[in-house]
Amino acid sequence: VVICDTSDPEGPANSLFGEAFYKMVLTALKPQGMLVAQGENVFLHLPLISDCVSSARTLFPRVDFGVIQIPTYPAGSIGMLCCSKDGSLSVASPVRELPQEVLDQLQCYSPDMHRAAFTLPPFVKRVLDK
């Protein structure tokens, strides 16, 4: 798994938001490897997100985009670009059940919240499905 919590795509970090970077990560991943990259904010950067998703889809057999709530980020949320080298692997749903005693202790995570992160608003879905 490669996790990229990058700075915003301005200046030098711009090279971490496109096909050339995704191609380098793809070659570094094992057959069932995944890339999870910072995906900006759907309310502020939808054209950039669309470009990133399109670029990733040219390389990875499975690309999911999710949105999580982060109150301290601009507009209160941040996106996640989730790319799998194995097309059968997806992070859009939990892959295992947590014991109830663990779920009872969690404050910000639930299986429903996990799935909801990948249920995109219609205006985002329309753009990313093109």
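Scroll up to find the structure this text is about.
The following refers to the structure shown. Not measured: the values here are computed from a predicted model.

## Here we look at the sheet that holds strand 4 (residues 77-84)
The mixed open sheet is built from 4 strands, whose spatial order is 1-2-4-3. Each edge of the open sheet carries a strand with a single partner, namely strand 1 (2-4) and strand 3 (62-69). On average, each strand axis in the sheet is inclined to that of its neighbour by 15°, with strand direction left out of account. Pairing of strand 3 with strand 4, which is carried by 8 bridges, proceeds in the antiparallel orientation. Across the sheet, residue Arg 62 finds its bridge partner in strand 4, namely Ser 84. The strands that helix 2 (residues 46-57) touches are strand 3 and strand 4; relative to strand 3, the one it contacts most, it runs at about 150°.

## Quick word on the nonpolar core
Of all hydrophobic cores here, the largest spans 25 residues; its most connected members are Tyr 22, Leu 35, Phe 60, Phe 65 and Leu 81. Setting aside its immediate chain neighbours within four residues, Phe 65 contacts Gly 39, Val 42, Ile 49, Val 53, Gly 79, Met 80, Leu 81, Ala 117, Phe 118, Leu 120 and Leu 128. Ranked by size, the runner-up nonpolar core spans 5 residues in total, among them Met 80, Ala 92, Ala 117 and Phe 118.

## Focus on the side chain of Thr 6
Within the fold, Thr 6 resides in the loop between strand 1 and helix 1 (19-28). Residue class for Thr 6 comes out buried when judged on its relative accessible area of 17%. If near-sequence neighbours (up to four positions away) are discounted, Thr 6 is found in contact with Leu 16, Phe 17 and Gln 38.

## What to know about the packing of aromatic side chains
Summed over all chains, the structure comprises 2 aromatic pairs. When the ring of Phe 43 is compared with that of Phe 123, the centres are 5.7 Å apart and the planes differ by 35°; the resulting orientation is tilted. Highlighted residues: Phe 43 in the loop between strand 2 (34-38) and helix 2 and Phe 123 in helix 5 (residues 122-128), separated in sequence by 80 residues. With a relative accessible area of 54%, Phe 43 lands in the exposed category.

## Side note on helix 2
Relative to the 16 Å expected for 12 residues at 1.5 Å per residue, helix 2 spans 16 Å between its end C-alpha atoms, a close match to the ideal helical length. Every buried residue of helix 2 is accounted for by Leu 46, Ile 49, Ser 50, Cys 52, Val 53, Ser 55 and Ala 56. For helix 2, the secondary structure elements touched by its buried residues are helix 1, strand 3, strand 4 and helix 5.

Procedures and definitions
- Residues numbered from 1 in each chain as written.
- Predicted model: local features only at pLDDT ≥ 70, side-chain atom pairs only at ≥ 80, totals over all residues.
- Heavy atoms only, no water.
- Pairing = 2+ DSSP bridges.
- Helix = DSSP H or I, 4+ residues; strand = E, 2+ residues; numbered from the N terminus.
- Axes fitted to C-alpha atoms, helices over the stretch in contact; angles between N-to-C directions.
- Contact = heavy atoms within 4.5 Å.
- Core = buried A, V, L, I, M, F, W, Y, C linked by side-chain atoms within 4.5 Å.
- Buried < 20%, exposed > 50% of the residue type's maximum accessible area, 1.4 Å probe, protein only.
- Phe/Tyr/Trp six-rings, centres within 6.5 Å; stacked < 30°, edge-to-face > 60°.
- Expected span 1.5 Å × (residues − 1).

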